[in-house]
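A structural walkthrough
The primary structure of each chain is shown beneath.
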Amino acid sequence: MLRIKVPATSANLGPGFDTLGLALACYNTFDVALSNELELTGIPCEFSGPDNLFAQAYAATRELIPAEKRPRQASVKAHFQADIPISRGLGSSAALLVGGAVAANELAGSPLSDDDIFQICTRFEGHPDNVAPAVFGGMTASFVAEDGVAITSQIPMSDQLYFTAFIPDFAVPTAQARAVMPRQLPVQDAVFSMSRAISLIAALGPGGLPAEPTQAAQRLRELTKDKIHQPYRQRLIPDWPELLKRVHQAGGALAVSGSGSTCLGISVGQPLGPQVDLAGLEANWRALDLPLHLGGPIVEDLAGENEAK
Ligand SMILES: Nc1ncnc2c1ncn2[C@@H]1O[C@H](COP(=O)(O)OP(=O)(O)O)[C@@H](O)[C@H]1O
Ligand SMILES: N[C@@H](CCOP(=O)(O)O)C(=O)O
């Protein structure tokens, strides 16, 4: 029996639509073993059939394993402990895909590389920005080349940064949040976001922000602005203007996390969770101060012996 822990991810970081993402220390944990039949436990029953994303990624990854290394047992039993909230913009779908792909690979003795896992899961997810940090950890910038190959780079991060997930009690499925975006954009809106995304990458690196805390917060607020997706998605989050005001008063910046509904707070020097009052908003919100997760998914052999051997 193997235990696989895959981190939550927060994509876009404001202006880096479908490009930037980071891994956060909140996990989906999958206890997995080879089996002749698919058996998924610990999940809401509406998500437990063969179209479950974990099961789909498992099956697709297994097919890519050379026949001589493919385990004889055709399927997997997996128990989920899913701490990543579903359809809240924290990469729950990417975590399931990566969990399934890593399970298939590990139970076959790891014939595939991390990059293979990244390619398989990106094809399912349709964009690489959650899958890359879920597979490689830290903060990543990613794109899919014209030949269909996904490419990612790790971005060095300052250790002075704090990330806070403000999570509401309502879901926004990614498909819905993509549907509210316009099909075409004015060039000046694209430039608005592109210029901030590039400067944001530099700003989040070691020594990338002004040393004076008020100026650092001001710079982060400017660099997390966006005109590609946030203006449209903020309308799906009725508390956005008030939450933004409170986060700014607490000295932080705020971006829609992935496609929402979670909003990601970024601050320098101290976490925002204890500083931001969440009372009196329309929705019920909770704040989770989450360290960056570095490295890939965590794999532990619970039985001391991998069944594939
Ligand atoms: N714990 C889980 N168990 C089963 N399916 C899940 C789980 N978490 C996520 N999913 C799948 O992922 C979908 C949510 O994906 P999406 O709307 O992109 O949200 P997110 O922003 O959380 O990735 C769900 O509809 C379901 O199919
Ligand atoms: N770039 C995607 C990211 C979706 O992230 P999720 O965590 O909401 O699945 C988008 O903005 O649609």
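Residues numbered from 1 in each chain as written. Chains lettered and ligands numbered in written order. Predicted model: local features only at pLDDT ≥ 70, side-chain atom pairs only at ≥ 80, totals over all residues.

The following threshold applies: UniProt positions are given in the numbering used here, feature names are shortened, and annotations may be inferred rather than shown by experiment.
An unreviewed UniProt entry annotates the protein chain as Homoserine kinase of Boudabousia tangfeifanii. Heading Subcellular location (unreviewed entry) of the UniProt record for the protein chain holds this comment: "Cytoplasm". Quoted verbatim from the Sequence similarities (unreviewed entry) heading of the UniProt record, the comment on the protein chain is "Belongs to the GHMP kinase family. Homoserine kinase subfamily."

With respect to the sheet that holds strand E10 (residues 285-289)
Note the cut-off: Any two strands are treated as partners once DSSP identifies two or more bridges connecting them. Numbering of helices and strands starts at the N terminus; helices are DSSP runs of H or I of at least 4 residues and strands are runs of E of at least 2. Here an angle of 0 to 180 degrees is reported between the N-to-C directions of two axes, which are lines fitted to C-alpha atoms, with helices fitted over the stretch in contact. We call two residues in contact whenever the C-beta atoms placed from their backbones are within 7 Å.
Sheet architecture is open: four strands sit in the order E8-E9-E7-E10, paired in antiparallel fashion. At either margin of the open sheet sits one strand with a lone partner, and together these are strand E8 (253-256) and E10. Neighbour to neighbour, the strand axes of the sheet diverge by 25° on average, direction disregarded. Judged from the four bridges that link them, E8 and strand E9 (residues 263-268) form a sheet pairing that is antiparallel. Residue pairing for E9: Ala 255 is matched across the bridge by Leu 264. Against the sheet, helix H7 (residues 213-223) touches E8 and E9, its axis set at about 150° to E9. The sheet contacts of helix H9 (residues 240-249) involve strand E7 (161-168), E8 and E9, and relative to E8 the element is tilted by about 150°.

Quick look at the pairing of E9
Where we set the bar: With C-beta atoms placed from the backbone, a residue is labelled by how many other C-beta atoms lie within 10 Å of its own: buried for 20 or more, exposed for 12 or fewer, partly exposed between the two.
Buried residues dominate E9, accounting for five of its six residues. Relative to E9, E7 runs antiparallel, the two being bridged by six bridges. Bridge assignment links Ala 165 to a residue of E9, and that residue is Leu 264. With antiparallel pairing between neighbouring strands as the criterion, E8 and E9 make up a hairpin whose turn holds six residues, including Gly 258 at a positive phi of roughly 55°.

Some details on the site of ligand 2
The condition is simple: Only the C-beta atom matters for this test: placed from the backbone, it must lie within 6 Å of a molecule or strand for the residue to be near it. Residue polarity is assigned by list, with Asp, Glu, Lys and Arg as charged and Ala, Val, Leu, Ile, Met, Phe, Trp, Tyr, Cys and Pro as nonpolar; anything else, Gly included, falls into the polar class. Domain delimitation in this document rests on an assignment produced automatically or drawn from a domain database.
Of all residues adjacent to ligand 2, which total 17 residues, the nearest are Ala 11, Gly 89, Thr 174, Gly 258 and Ser 259. If you tally residues by element for the shell around ligand 2, the top one is helix H5 (residues 174-179), at three residues. A per-class count over the shell around ligand 2 returns four nonpolar, 10 polar and three charged. Mapping the shell around ligand 2 onto the domain boundaries places at least three of its residues in each of domain 1 (2-154 + 294-301) and domain 2 (161-289).

Notes on helix H1 (residues 53-64)
Quick reminder of the rule: Each helix should span, by expectation, one fewer than its residue count multiplied by 1.5 Å.
The terminal C-alpha atoms of H1 lie 17 Å apart, and with 12 residues this matches the ideal 16 Å at 1.5 Å per residue to within 8%. What H1 keeps buried is the set Leu 53, Phe 54, Ala 55, Ala 57, Tyr 58, Thr 61 and Arg 62. Along its buried surface, H1 packs onto strand E2 (20-35), strand E3 (39-41), strand E4 (75-82), helix H2 (92-107) and helix H3 (114-125).

Quick notes on the UniProt feature "binding site: ATP" (unreviewed entry) in the protein chain
On the UniProt side, "binding site: ATP" (unreviewed entry) is annotated at positions that read Pro 85, Ile 86, Ser 87, Arg 88, Gly 89, Leu 90, Gly 91, Ser 92, Ser 93, Ala 94 and Ala 95 here. One can find Pro 85 in the loop between E4 and H2. Residue Pro 85 is classed as buried on the basis of its C-beta count, with 20 C-beta atoms lying within 10 Å. With sequence-adjacent residues up to four places away left out, Pro 85 is seen in contact with Leu 90, Ser 92 and Ile 167. Its location among the elements puts Gly 91 in the loop between E4 and H2.

Quick word on the packing of H1 against H2
To characterise two packed helices, one gives the angle between the axes of the helices and the distance between these axes. Let me state the cut-off plainly: Crossings are classed by handedness, with left-handed meaning an anticlockwise turn of the near helix from the far one by less than a right angle and right-handed meaning a clockwise turn.
Contact geometry of H1 with H2 gives a least axis separation of 7 Å together with a crossing angle of 35°. H2 is crossed by H1, and the crossing has right-handed handedness. On H2, the residues touching Leu 53, Phe 54, Ala 55, Gln 56, Ala 57, Tyr 58, Thr 61 and Arg 62 of H1 are Ser 93, Leu 96, Leu 97, Gly 99, Gly 100, Ala 101, Ala 103, Ala 104 and Asn 105.

What about the domain arrangement of the protein chain?
Interfaces are frequently sized by the accessible area removed from exposure as the parts join. Examined at the domain level, the protein chain breaks down into domain 1 (2-154 + 294-301) and domain 2 (161-289). Summarising the inter-unit geometry, the C-alpha centres of domain 1 and domain 2 are found 25 Å apart. The interface of domain 1 with domain 2 comprises 23 residues on the first partner and 29 residues on the second. The set of elements that each furnish at least two residues to the side of domain 1 that touches domain 2 consists of strand E1 (2-11), E2 and strand E5 (139-144). Looking at the side of domain 1 that touches domain 2 element by element, the count peaks at three residues for E2.

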